[in-house]
Structures are given as C-alpha cells and as structure tokens.
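Report on the structure
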Amino acid sequence: MLPMGDVARVSNELFRNEGDDSDSLRRCRTLVNAIDDGIFQLNAEGRFVAINDAVVSLTGSPRADLLGEHVSTVIEGPDAKRLEKAIRTRLEEGIHPDTTFNLVVESAAGGRVPCELQLSVLVDDGEHRGTVGVVRAVDDYDRTNERLPSAWTASDSIASVINEANVGVFVLDDTFDVVWADETIEEYFGLMRSEIVGRDKPTLIRETIADRLDDPETFAQTVLATYEDNTSVEQFECRVTAGTDREARWLEHRSKPIESGPYAGGRIELYYDITDRKEAQRAREESEQRFQSLVDAVDEYAIFMLDPDGYVRSWNKGAERIKGYSASEIIGEHFSTFYTADDREDGVPERNLTRAYETGTFEDEGWRVRSDGSRFWANVTITAIYDEGELQGYAKITRDLTERREQEQRLRREYELSERILETSPVGIAVVNPDGSAARANERMGELLDLPDDGPAYTTAQRDMYDENGDLLPIDQRPVPRVFETGDAVTDREIRLDRPDGPQWLSINARPIANEHGEIEQVVETATDITDLKELARRRKRELEEREKELDAVQLATNLLETGEQPAPDLLQEFVTGLPQFFQYPERTAVCVSVGDDEVTTDTYEPLERRITASSSTVNDTSIAIDVVLHDDPSLAADRTATFSEEERELLETLATLLKLHFDRREYIDELQASNERLEQFAYAASHDLQEPLRMISSYVQLIESRYAEVLDEDGEEFLAYAIDGAERMREMIDGLLEYSRVETRGDPFEPVDLDVVLSDVLADLQFSIEEHDAEITAESLPTVMGDASQLRQVFQNLLENALEYSGDEPPRVRIDAERTGDEWTISVSDSGIGIDVDDNERVFEVFQRLHTREEYTGTGIGLALCRRIVERHGGVIWVDSEPGEGATFSFTLPATDS
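The subject of this paragraph is the overall build of the protein. When its secondary structure is counted, the protein shows 26 helices and 30 strands. Residues counted as buried form 40% of the 899 residues belonging to the protein. Long-range pairs, those at least 24 residues apart, make up 53% of the contacts in the protein with a sequence separation of at least 6. Summing over all exposed atoms, the protein offers an accessible surface of approximately 49300 Å²; the carbon and sulfur share of this is 47%.

Below you can see the structure in the form of structure tokens.
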C-alpha cells in the first residue's frame, strides 16, 4: 500500500480535477490508477473530487456518477457518520492522521464489501481543504476492532436470523442515534428502516413513534428516561394503535445499555409481540367476571352490575354487607358514591371505567367509602360486558382487604426492618441449622470470620476457634453446638480467631429458635468484634500500673506540701526520703532536691551519667531542681542498658511543677501577709492620727457656733453648717476606714452563728428607722452558719440600711431568704427600691464609690465594700442583681456548719 504521507503530497499537487489534461496530471493519474488499492479525495464537505480506477471497480459505480457525490452514498450511514466524526476529531485535536479504520462499502449492485481504510486530512494555512483516503477490500477482519466498525453488516446471516425471530430490534450508538433496526421494527411501528437509520432516536420518538402508541405521553417519558443516564435495564408493556401501515398490537419493551464492543455507551431495545397473550388474558378475565356476575349470593365479595354510564343496576348480599347499602338505597345511584371525595374530585371513578372500557378489565386497589362514611381498603375489578360487540355495562367486584392490607403492611414493615437491621448492623448475625450450616448470614458475619465472597456457605466447623486461655475449642464446645445440645442460650462467650494480620477476639451470643413443640430448629448467633477492646484493656492495665506509681508519688508530694508551715529543709528531707521507691530500681536510685539555697540529698547520691533532671523556678526566680541518678549493679551484666522510662521522666516533671506551685504559694502568701500587715498598720495609723486634728476642728467649729452664732449673718450660719457637716462626714469616713482595715485582724474566731438571732438584733437596732420609712420587712427562717457573729451582724445592718435609704417614693418592701447549695448557704436581701444600673453592679462594692450625690442620699460609700470584705473573710462571695426602677437583690454565700 502507498504510504499515506506520499498520498497526501500527490493529492496536494496533482490529484485534483478530472478535467485537467496536462501532461504532468496524466502521468500522475496513470501512476495512481496503476495502484491496486482504491484512492480517492474528498473536499471539505465530504464529497468526491477525485477517484482512481480501483475505487470505480470496488463500488461498481461509474466515475461520473461518484464525482460530486457525498461519501455516504457508498458507505453505510453509521460508518459515514463515524468517518465524519473521526475527521473532525483529528482536525480539532491534532491527532496523527495515519489511522486505519474498518468499514463496509455498498456497491451499486447492492452488495456489501468489507474494507480497510487509511486517510489523511489536507490542511492549508490552518484551513481544512479536504481528505485523501486509501481503501482496500479485505476478505476477513475483526469486527471487535473499535476504530470504525459497522457490526450489523458484518454478517447478513445475523440480520436474517433476527428478522426471522419476530423480535423488533433498535441498536443505538453512544449518542442515541439509530445505527440499525430490523425488518420487524418496520412491521410493528409502520416505519421504513431507510428513514430511521442514522436518525436521533429521542427525536424519532417525539416526532413519529410516540404518536403510534395508545398512551404516547407515558411511552415517550418512559423510553426517554432510559437515555438520561443509560445505566438501567427497562421493561414495560405498551400498545401500538392500528394504522394504514401497521396493525394494533401489544408489545413488551425491553432495553439495556451496551457495555462493550463498537457501540459501547449506546443502547439496544427489543420489542416482543404479546398481543396473543394479552388477548387471551382479557378473554379469560371477561369469562371469569361474567361468571362471577351471576353469583348474587356470594357473601365475601360485593358483586354488582353497572350500566354503560356507571349507574348501579344490580346488588348482591356481599355488596350490602361490605358497603352498607341496601339494594333499594343504591340501585340507580352512580358508582362514584363508593369513592372518597378526593378521588371523585380527581376523576378516578370515570378514569377507572374508561380503562375498563378500553382494556376490557381494570383492576384497582384503594380506599372506598361505606354508607356510614367509614373507609375500607378495597380490591376492585371492573369488567366490560359485551354482547355481539356492543357494550352492555360493567361487572364490578369489590373485596374488603382492610385487614389483609394492614397485615401485609405490618409484615412488610417488619421484614424490611429486619433486613435493614440485619445488613446495617455492626454485629455479625447468622441463623444456623442443626448441621452447622448457615441458613442466613449478614455481610458483617462474613467479614468477622474472614470468609471469601465466592466461597462455600459458612458452617460452624469452618474456622478454628480458641478460648480465653488460648486452647483450641472442640466443635461440640462452641456456642452454637452447645445451644443445640443443651437448649440454653450462650451469652458473652469470648473466643479468639487467628487471622493473617493477628489475633481477632469475638464476643459470641447464641440463642435457640424453637418450633411450636419446643424443638430447637435453628440457632441465632451474633458476633461482635472486641479485638480493640481487648487490646485497650491490656494497654490500660499496663498504663494503670504505671500511673498508680506516679499517683502514689504525687500523693506523697502533695501530702508533704500541704503542711504549708513546715520549714523548707524539713519538707525537702521528707520528700527526698520517699521519692526513690517510685522508680523502677528504688534500691539503686538516689535523689538530690534543691530549692534556692536549701539542698537535700539521699545518702548515696552523687552525680552520675545515668540521670534525669527536672528544673523550674518560682515567680520570684527562686530556683528549683530535682536530680535523680541510677547506680550500677555489678552483679547484672545486662544492667548497663537499664535506663529511666518516659513515665519516670514525666513523673519528675510533675513533681517539679508541684514544688514550684507550693513555693509560689508560700512566697505569695508571705508577700500578701506582709502587704496586709503594712496596709492595716497604715489604715490604723492614718485613721488614728486623723482623729486628733478632726476633733480640734470640730471643737473650734462648735465654739464658733456657741459664742458667735448671734452675730453671724445668714451666709455665715450656712458656712458654719457646712463646716460642721463636713467634719461629721470626715469622722464617719475615718471610722469606716478603720473598721474596714480591722476586718481580718480584729475579727472573732468562727463558730456556729444563728442568723435568725443576728437578724433579730439588727431589726431591733433599726426599729426607729423602719417605722420612720413605714417599711415592711419579711424573712424566712434563716440557717446556722460558721462565722463571726459581730461581722455578720454588720453585713445585715448595712444591707437593710441601704434598702431603707434607697427605697424611692414608695414605702420599702424588703424580703430576706436563704437557699442551701452543697456546703454553703446563699442569703438574699431583696428590696423594691430605685435599683442599680447593670454597669454599676461591681462598682458599688468598691471603697468610697457613690452612685448618687450627698444631696440625694447620705452615706460614706464604704458600707458595701465592708460587706464584701466580711463575706470574703468567711470564704464567700457577694453580688447584686438589679435593674433601675426594679429594686435590687443582694446575695452572699456563707459556709454551712456541717461543711
């Protein structure tokens, strides 16, 4: 065969026009005609512009008849279409042109010649100018070759067999174009194959085929749906209507995707004539219904006749029992009376009658209505009755299936639920027969037992099993055989299976299934994979042993450090003495602990190579270090490899952290105590030293008032009043500050305090103020708490005075109650006064913080701060819940006497 590159060059230069008679062209034509293979050139539209003698001989068509014709005139439609697609793909994707295709050439005499084709595309300045092809006839070639096959013309005998089989066949390619149809399709649908091959099948359905069906819309929707994803197998029945080019007949449609071969991605559709079957079925049903219509006394069925318009003409006893109407009540009424309102509105009765008329018999199930309005589930059969081809009416049979439907639905739900549980359960489940075979096993059981998917059915003896001690379990000692033998259930039996990836532990439960005679027929076996749980338990046990050592060491350190007041050297000595016992080799472990300038070691301590160290420092940069060393044991040769474990390193870090926390706290407490002492000394000194000048100011102001009051004018008297008021307020602030500074140092020891007694004393002291404000104070029974009675009295007095003072325009209403929570009591004092803005809820507890001017309300601004300090001394907290104009509730906690 001439190389395709050479053919392309010849075509570009010489192989152009049969009308060109130049010498060079004649020489070229002589050369091309001398080649045994057919050579042709197509223009960009796919039409012949040049052919050699071999093409003329191959096609049997004169050269003049071929020139100007489209290539599809000599190539079957599907092959021509694929040839065009191949050329287009090569132009768009730039694929190398030297590709061989198989196709069939149709000769002028009607014969089909299998051929092999090579082609090259002609491109000039990036524009497609045409195609040059070399074609040769072949005696035989592999039709599975997917380069450009035409499978349906490979053998006329295949088409003949299919045509004789009375099965209509459509073959569609991956774009759902018709690539082949047999003669039976022409007969069934009244179509010409020459008109449909090569056409788009969805378009063919919409424009031609669907209109020839009894229910075109349903047919079109059903078939077109198979093309959307082309993955499903479809089967349904349809009815072809009669026409000038076809007979009426019933067809069964079957179709499936083509998964391999030249039309992979396409679809094959088969149509079987089932007219005889449908006619026989309809005739049989008509005969049966006519027979049943004569049985008026049947009690299980409602059997009655309808006229052609659907009005009741007869009524049997079964109809009276099922539907509740007597014959006199219902005869002459339309049968739609038995349907629900929704069905009547939807036209169901008329539609059912129409279907019975069209098909002869129509069967339906649905809700029907009795005479009393109750509903029942009915099975209904409507049969058209004919006499000499004329419709006489309908026989209608109704059966009450309410109970059966409920039972079927219940059984279906139970079955579906059982199947869903069985297959989705993470537990392996099997039903085992007496011979050890599995009547049913879910996928999980196969996974747990590592059974092959295509292996023999599972039996009890198929796998070796071992007990908790690793001993092989005899078959008769395994859970299922034990249940068959004893009749007793086996629960939570642990067994081990050996798998290539390691041991697998299963927890087995087995229970008998007995028949009505109490005989065990089967055993239900469940298996749960507990391998991870067994490994986790083993790992947790090992970790627990390590943690117990660590916890003991931490507990020892905690106990020592909680003493608090013990001198640092003594504490460190106890700490060092007990520490070695918590290491792997306690008799060879030595310890050195240092905190600042204090250092304590065990007797055998010396710096060694095998050691672990943890260090830290306090907030004041006091250094902390723990050094643990391991001495050699000369009697053990392998001892040189001994080292500290990671757990021991973590323990040392934990102990260093505990020491840091302890000495941080001690340093903080020392600083806090010193600060408090300085603060208290300052407050006491300041308040004490201010008393003397304040007394002097007060004395001279009082002298001025007593001696010169008569000579002072109005301004002088006002100024003198301001001075006296200021001195008095100063005295109150100094007294309050002094009291605030002495809360910690001058308080009494804690003891049980009856708050009812404390409150009673406070109310007695405030009696005059309570009456003056016309206040109403109520209180629940208050508990006994641990505390300082005098200081708690001060808290109640301050809170009640505030409730009276900030009551607004209305008489004060104050309530005191208590609530127990765990080891403490919450005491609440609620008033109905002016309230506090939420942004000031914290500010009110600060020293000298006032929310109002002195002209509005009196006070020093230290009362609530004093309450907070007293409550905090008792280990509690105090807070306020309030909104402006809604009153305020002050709550504080105190320890219960039994806490």
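Back to the text.
Let us now look at helix 23 (residues 755-765). L755, V758, L759 and V762 are the residues of helix 23 that are buried. Considered in projection along helix 23, the buried side chains sweep an arc of 95° and stay on one side of the axis. Put simply, D754 is the residue that caps the front of helix 23, since its side-chain oxygen is 3.0 Å from the backbone nitrogen of D756.

The next thing to look at is the sheet that holds strand 7 (residues 178-181). Strand pairs in the sheet, formed through backbone hydrogen bonds, run parallel or antiparallel to each other. Strand order in this open sheet of five strands is 7-6-10-9-8, and the pairing throughout is antiparallel. Whereas interior strands pair on both sides, the edge strands pair on one side only; in this sheet they are strand 7 and strand 8 (234-240). Averaged over all adjacent pairs, the angle separating strand axes in this sheet is 20°, with direction ignored. Here strand 9 (residues 249-257) pairs with strand 10 (residues 267-273) via seven bridges, running antiparallel. When the sheet's bridge partners are listed, P257 is paired in strand 10 with R267. Sitting on the sheet, helix 9 (residues 201-209) is in contact with strand 6 (167-172), strand 7 and strand 10, with an inclination near 135° to strand 6.

A few words on the side chain of T131. Looking at where T131 falls in the secondary structure, it is placed in strand 5 (residues 127-137). On the basis of relative accessibility, which here comes to 3%, the residue T131 falls in the buried class. Every residue in contact with T131, bar those within four places of it in the chain, is listed here: F40, Q41, L42, I87, L119, S120, V121 and L122.

A separate point is the environment of V223. With respect to the helices and strands, V223 occurs in helix 10 (residues 216-229). Distance in space between the C-alpha atoms of V223 and P202 is 8.5 Å, their sequence separation being 21 residues. The contact partners of V223, leaving out residues within four places of it in the chain, are I205, F236, H253 and E269.

Okay, the pattern of salt bridges next. Counted under the stated rule, the structure contains 32 salt bridges. The salt bridge involving E365 is made with R404; its shortest N-O contact spans 3.7 Å. Of the two residues, E365 sits in strand 12 (residues 361-369) while R404 sits in helix 16 (residues 402-424), which places them 39 residues apart along the sequence. For E365, a relative accessible area of 36% gives the class partly exposed. Two residues, R815 and E780, come together in a salt bridge whose shortest N-O distance is 3.0 Å. Here the residue R815 occupies a position in strand 27 (residues 813-821), and E780 occupies one in the loop between strand 25 (776-779) and strand 26 (784-787), the gap between them amounting to 35 residues. Residue R815 is classed as partly exposed on the basis of its relative accessible area, which comes to 36%. Judged by its relative accessible area of 34%, E780 falls in the partly exposed class. One salt-bridge network, held together by shared partners, links E237, E252, R254, R277 and K278.

A word on the packing of aromatic side chains. A complete count under the given rule lists 14 aromatic pairs for this structure. Geometrically, the ring pair formed by F304 and F338 is edge-to-face, given 5.6 Å between the ring centres and 70° between the ring planes. Of this pair, F304 sits in strand 11 (residues 302-306) while F338 sits in the loop between helix 13 (327-330) and helix 14 (341-345); the two residues are 34 residues apart in sequence, bridging distant segments of the chain. For the residue pair F304 and F338, the accessibility class agrees, reading buried in each case. Summarising the aromatic geometry, the rings of W367 and W377 are spaced 5.2 Å apart at their centres and angled 85° between planes, so their arrangement reads as edge-to-face.

This part covers the nonpolar core. With 38 residues, the main nonpolar core has L755, F796, I827 and F892 as its most contacted residues. Secondary-structure elements contributing two or more residues to this core are helix 23, helix 25 (789-805), strand 27, strand 28 (824-831), helix 26 (863-873), strand 29 (878-882) and strand 30 (888-895). At seven residues, helix 25 tops the list of elements feeding residues into this core. Core analysis: the second largest hydrophobic core is formed by 27 residues, A568, L579, F582 and F663 among them.

Right, let's talk about the confidence of the model for the protein for a bit. For the protein, per-residue confidence averages 80 on the pLDDT scale, and residues scoring 70 or more make up 79% of the total. The secondary structure element of the protein with the lowest average pLDDT is helix 1 (residues 4-13), at 36, and the one with the highest is strand 8, at 95. Of the regions scoring below 50 in pLDDT, residues 1-20 engages in 46 contacts with residues more than four places distant in sequence or in other chains. Residue range residues 141-155 is modelled with pLDDT below 50. Its contacts to residues more than four positions away, or to other chains, number 44 contacts.

Okay, a negative patch on the surface next. There is a patch of like negative charges on the surface, built from D713, E714, D715, E717 and E718. By the element assignment, E717 lies in helix 22 (residues 714-741). Using a relative accessible area of 44% as the deciding quantity, one classes E717 as partly exposed.

Moving on to a nonpolar patch on the surface. On the surface, Y668, I669 and L672 cluster together to form a nonpolar patch covering roughly 280 Å² of accessible area. As for its placement among the helices and strands, Y668 is situated in helix 21 (residues 646-708). Under the relative-accessibility criterion, Y668 is labelled exposed at 53%.

Reading guide: rules and limits
Residues numbered from 1 in each chain as written. Predicted model: local features only at pLDDT ≥ 70, side-chain atom pairs only at ≥ 80, totals over all residues. Heavy atoms only, no water. Helix = DSSP H or I, 4+ residues; strand = E, 2+ residues; numbered from the N terminus. Buried < 20%, exposed > 50% of the residue type's maximum accessible area, 1.4 Å probe, protein only. Contact = heavy atoms within 4.5 Å. Areas by Shrake-Rupley, 256 points an atom, 1.4 Å probe, with all protein chains shown as cover. Arc of directions from axis to C-beta. Polar contact = N/O pair within 3.5 Å; in protein donor to acceptor, adjacent residues only side chain to side chain. Pairing = 2+ DSSP bridges. Axes fitted to C-alpha atoms, helices over the stretch in contact; angles between N-to-C directions. Salt bridge = Lys/Arg side-chain N within 4 Å of Asp/Glu carboxyl O. Phe/Tyr/Trp six-rings, centres within 6.5 Å; stacked < 30°, edge-to-face > 60°. Core = buried A, V, L, I, M, F, W, Y, C linked by side-chain atoms within 4.5 Å. pLDDT = per-residue confidence, 0-100. Patch = residues over 30% accessible without salt bridge, like charges linked within 9 Å, V, L, I, M, F, W, Y side chains within 5 Å. Lys, Arg positive; Asp, Glu negative; His and termini not counted. Charge placed at Lys NZ, Arg CZ, Asp CG, Glu CD.

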